[in-house]
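A look at the structure
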Amino acid sequence: MCAVSDKKDLSITLEVLVDQVSFVWLELTGRCQLECQHCYASSGPSGTHGTMREPDWRRVIDQAEQLGARMVQFIGGEPTLHPALPALIGHALNHDVAVEVFSNLVHVPATLWDVLAQPGVRLATSYYSDDPRQHRAITQRPTHGRTTENIREALRRSIPLRVGVIDVHDGQRSEQAVNELRALGVTNVGTDRLRELGRGGGQSAAQLCGRCGDGAVAVSPDGSVWPCVMSRWMAVGNVHEKSLQEIVAALPGVVGVLREQGMPASVGVQQCGPDCAPSGGQCYPINCYPR
């Protein structure tokens, strides 16, 4: 009798959860060509694709869609380094789930451009300075020219693109970077400051925007689920062990702990960022591209 009752209660809970998750971060890999000073994920060349395989990611996308997700963002690390990215983009689009790929745009394989140019796919990247030397000092690689050229290519192909300028240290030519991007033709440019998380300084709930778990969750390369990519020390569960629906049901308790740890009560002047002009500063990409 107890098992039947538990199953009924779970069914009711899942029914309530539908449409409560509109956006999901899918962190495909911890591998990246760069070693940015401020990386909240502490990713780099030694990172791995983790324990999640293509069928696992497909299952998560299916479950996210069942929860009401209208957009997923593929992130890393550098998601273009994951061999299953084109197939996973196609899988999401086939489920009428929009896609944003957050890439450093240092290297985009020629075969990937046609995938990124599909309707329903958007691109996002970070930018730091109009000075190549300053840009390189932050990313630890000669990235300015390569990223700029791929921004031009995305615009040439009319791929929706948003760029966030991250202010990492004093004296950074952030304002000039914004001007450079606008001169290139980028219309969706946001700004943010360094978040003292990961390689940028550790972990602190006070660095969060206050919206962790608010209509969104993040899934890591090892299957762990977080309320946000920024609150990665606070796992809610693991998709290798439970469905995304069951994990999301436990989300309020974890968000409560983050509040106790000092997470702000709501979004004010401090935001997850980079903000996006169409939404007036909401930090989730789905708010930048209303459907």
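For the structure, see preceding data.
Figured I'd write up the structure that's included with this text. (Residues numbered from 1 in each chain as written. Predicted model: local features only at pLDDT ≥ 70, side-chain atom pairs only at ≥ 80, totals over all residues. Heavy atoms only, no water.)

**Some details on the packing of helix α2 (residues 54–66) against helix α3 (residues 85–94)**
Put simply, the rule is: Fitting a line to C-alpha atoms yields each axis, with helices limited to the stretch in contact; the angle taken between N-to-C directions then spans 0 to 180 degrees. The numbering of helices and of strands both runs from the N terminus, where a helix is a DSSP run of H or I of at least 4 residues and a strand a run of E of at least 2. Roughly parallel covers angles under 35 degrees, roughly antiparallel covers those over 145, roughly perpendicular covers 65 to 115, and oblique covers all other angles. Each crossing gets its hand from how the near helix is turned against the far one by less than a right angle, where anticlockwise is left-handed and clockwise is right-handed. In this analysis, two residues are considered to be in contact whenever any of their non-hydrogen atoms come within 4.5 Å of each other.
Running from amino to carboxyl end, α2 crosses α3 at an angle of 20°, the nearest separation of the two axes being 10 Å. Of the possible angle classes, the one that applies to α2 and α3 is roughly parallel. Crossing of α2 over α3 shows right-handed handedness. Contacts from Glu-54, Trp-57, Arg-58, Ile-61 and Asp-62 of α2 reach α3 at Ala-87, Leu-88, His-91 and Ala-92.

**Let's talk about the sheet that holds strand β9 (residues 237–238)**
Where we set the bar: Think of it this way: DSSP has to see at least two bridges between two strands before they count as a pair.
What the nine strands build is an open sheet, ordered β6-β5-β4-β3-β2-β1-β7-β8-β9; its pairing is mixed. On the outer flanks of this sheet lie β6 (188–193) and β9, each paired with one strand and no other. Strand direction decides the pairing type here: strand β7 (residues 216–219) and strand β8 (residues 224–226), joined by two bridges, are antiparallel. Along β8, the bridge assignment pairs Val-219 with Val-225. Against the sheet, α2 touches β1 (23–27), β2 (71–75) and β7, its axis set at about 170° to β1. Those strands touched by α3 are β2, β3 (98–102) and β4 (121–127), and its axis lies near 150° from that of β3.

**Here's the deal with α3**
Note the threshold: Only protein chains enter the calculation, and the probe is 1.4 Å; a residue is then buried if its accessible area is under 20% of its type maximum, exposed if over 50%, and partly exposed in between. Directions from the helix axis toward the C-beta atoms define the arc.
By the burial criterion, the buried members of α3 are Leu-85, Leu-88, Ile-89, His-91 and Ala-92. Projected onto a plane normal to the axis of α3, the buried residues spread over an arc of 160° and lie on a single side. Among the structural elements, α2, β2, β3, α4 (110–116) and β4 are those in contact with the buried residues of α3. Immediately downstream of α3, the backbone of Asp-96 shows phi near 60°, a positive value.

**What about unusual backbone geometry?**
A cis geometry characterises the amide bond from Gly-76 onward to Gly-77, with omega recorded as 20°. Here Gly-77 lies in the loop between β2 and α3. With phi around 70°, Gln-140 is a residue other than glycine that occupies positive phi space. In this fold, Gln-140 is placed in the loop between α5 (132–139) and α6 (144–156). Of the residues examined, Gln-140 reaches a relative accessible area of 38% and is grouped as partly exposed. At Ser-158, a position not held by glycine, the phi torsion is positive, near 60°. Mapped onto the secondary structure, Ser-158 falls in the loop between α6 and β5 (161–167). The exposure class assigned to Ser-158 is exposed, which follows from its relative accessible area of 63%.

**Regarding the nonpolar core**
Just so we agree on the cut-off: Here, the term nonpolar core denotes a set of buried Ala, Val, Leu, Ile, Met, Phe, Trp, Tyr and Cys residues that are joined through side-chain atoms within 4.5 Å.
One finds Phe-74, Leu-116, Val-219 and Leu-244 to be the most contacted residues of the largest nonpolar core, which totals 50 residues. The residues contacting Leu-244, other than those within four sequence positions of it, are Val-60, Gln-63, Ala-64, Leu-67, Val-217, Val-219, Val-225 and Val-239. Counting eleven residues, the second-largest nonpolar core is a separate cluster that includes Phe-23, Ala-98, Ala-218 and Val-229.

**Thoughts on the environment of Ala-177**
Position of Ala-177 among the secondary structure elements: in helix α7 (residues 174–184). For Ala-177, a relative accessible area of 0% puts it in the buried group. Ala-177 sits 46 residues away from Asp-131 along the chain, and the two C-alpha atoms are 8.2 Å apart.

**Points about the pattern of salt bridges**
For clarity, the cut-off: Think of a salt bridge as a Lys or Arg side-chain nitrogen and an Asp or Glu carboxyl oxygen that are within 4 Å of each other.
Summed over all chains, the structure comprises ten salt bridges. Of the charged contacts, one joins Arg-141 and Glu-35 as a salt bridge, the two residues approaching to 3.3 Å between their closest N and O atoms. Of the two residues, Arg-141 sits in the loop between α5 and α6 while Glu-35 sits in the loop between β1 and α2, which places them 106 residues apart along the sequence. Classification of Glu-35 as partly exposed rests on a relative accessible area of 36%. In this structure, Glu-149 engages Arg-152 in a salt bridge whose closest nitrogen and oxygen atoms are separated by 3.6 Å. Linking Glu-149 with Arg-152, this pair stays in helix α6, spanning three residues, or about one helical turn. Residue class for Glu-149 comes out partly exposed when judged on its relative accessible area of 43%. Using a relative accessible area of 42% as the deciding quantity, one classes Arg-152 as partly exposed. Each of Asp-114, Glu-153, Arg-156 and Arg-157 takes part in one network of salt bridges that share partners.

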